[in-house]
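Results of the structural survey
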Amino acid sequence: MDKIHRNQLYTQAKEWVLEAGQRIRSKIDDPRTIETKSNANDLVTEMDQETEQFFAEKIRETYEDHLVFGEEGFGDEIKSLDGTIWIIDPIDGTMNFVHQKRNFAISVGIYQDGIGEIGIIYNVMEDTIYTAKRGEGAYKNNRQLAQLPEESLLKQAIFALNTTWMLPENPYVSHQGIHELVKTLRSTRTYGSAALEFAFVAEGVIDGYLTMTLMPWDIAAGMVILKEVGGTVTTAGGQDVDMLNKTTILACHPMLHDEVLETFVDLKK
Ligand code: IPD
Ligand code: CA
Ligand code: CA
Ligand code: CA
């Protein structure tokens, strides 16, 4: 994708993200219908659906040949990464949206033939926007984010980790490995929005994020943003991330990445 085209697309995408965010903010106290999807804790609201529909309509009206890959089913059926694809999570952190009315984000990644060109993560209630264009650095509210520091040590690191790792049915890693990791780290946090967790690693407010089951829309924007500050993103087993399917994620400073893979993550799958 050439730079001029990418800049135009970026300006448009950002405008729509801010507009969608403004809409969510204006309705934040409205009564809510909450439905469940795969299980009782997998929530969805009309706001998730309306927001994805908003993007799908705008994109189809404006860019006939672009495709939409979204969580709530208003996009296209995506079987390959060919072409220009908007990978959208209309509300990342729906549980926070429902319970806390904050700490959720709109996440939009624009990919061209599988390459992440644009990433936008909007922390809606804080009105904070993280953005990146491939090769042009990452920004928070238009201020460039620093590159990750040269050195980083696990014993001084804070990782975003989800406590579901501790459940006996966790099929991904041995508990031994995760216990060792938690003991070695300075501390852990759980924010409940994968997109914000990626943004926080890019911003340097946490040092890494390790998680079991994410979908392409959870990570598409975050991958573009984090790579721009020198972060490494792979599956929890160190493989390239598959942007079409469910995946584990290890996203952090390159030094921490090696250490986590070598020492702690003993993948069963
Ligand atoms: C979820 C959030 C959460 C992560 C889940 C995701 P959603 O996205 O990112 O932090 O742990 O795996 O599904 O459903 O709120 O868009
Ligand atoms: Ca969801
Ligand atoms: Ca999500
Ligand atoms: Ca979502």
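Sequence order sets the numbering: in each chain, residues are counted from 1 along the sequence as written. In the order they appear in the text, chains get letters beginning with A and ligands get numbers beginning with 1. Local features in this predicted model are restricted to residues of pLDDT 70 or higher, and side-chain atom pairs are both shown and tallied only at a pLDDT of 80 or more, whereas totals for entire chains, interfaces and linings draw on every residue.

**Considerations on the domain arrangement of the chain**
Residue ranges labeled as domains rest on an automatic or database domain assignment. Assigned domains of the chain: these are domain 1 (3-144) and domain 2 (154-264). The C-alpha centroid of domain 2 is placed 21 Å from the C-alpha centroid of domain 1. Facing the 32 residues of domain 1 at the interface are 23 residues of domain 2. When contributions to the side of domain 1 that touches domain 2 are tallied by element, the ones reaching two or more residues are β3 (67-70), β4 (84-92), α3 (94-99), β5 (105-112), β6 (115-123), β7 (128-133) and β8 (138-140). In terms of residues, the side of domain 1 that touches domain 2 owes the most to one element, β6, which gives six residues. Within the side of domain 1 that touches domain 2, the residues separate by chemical class into 16 nonpolar, 11 polar and five charged. C-beta atoms are placed from the backbone for every residue, and two residues are taken to be in contact when these atoms lie within 7 Å. Counting from the N terminus, the helices are DSSP H or I runs at least four residues long and the strands are E runs at least two residues long. Three categories are distinguished: nonpolar for Ala, Val, Leu, Ile, Met, Phe, Trp, Tyr, Cys and Pro, charged for Asp, Glu, Lys and Arg, and polar for the others, with Gly belonging to the last.

**Looking at the environment of glycine 137**
Among the secondary structure elements, glycine 137 is positioned in the loop between β7 and β8. A residue is called partly exposed when the number of other C-beta atoms within 10 Å of its own lies between 12 and 20, exposed at 12 or fewer, and buried at 20 or more, with C-beta atoms placed from the backbone. C-beta crowding within 10 Å serves as the criterion here: with 15 such atoms nearby, glycine 137 is assigned to the partly exposed category. Separated by 11 residues in the primary sequence, glycine 137 and glutamate 126 have C-alpha atoms spaced 22 Å apart. Residue contacts for glycine 137: discarding those within four places in its chain leaves Ala132, Gln144 and Glu228.

**Some thoughts on the site of ligand 1**
Using a C-beta atom placed from the backbone for every residue, we mark a residue as near a molecule or strand if that atom lies within 6 Å of it. Near ligand 1, the surroundings consist of Glu71, Asp89, Asp92, Gly93, Thr94, Asn162, Gly192, Ser193, Ala194, Thr213, Leu214 and Asp218. Elements with a minimum of two residues in the shell around ligand 1: β4 and β12 (208-214). Each residue belonging to the shell around ligand 1 can be placed in one class, and the counts come to two nonpolar, six polar and four charged. Each of two domains, domain 1 (3-144) and domain 2 (154-264), supplies a minimum of three residues to the shell around ligand 1.

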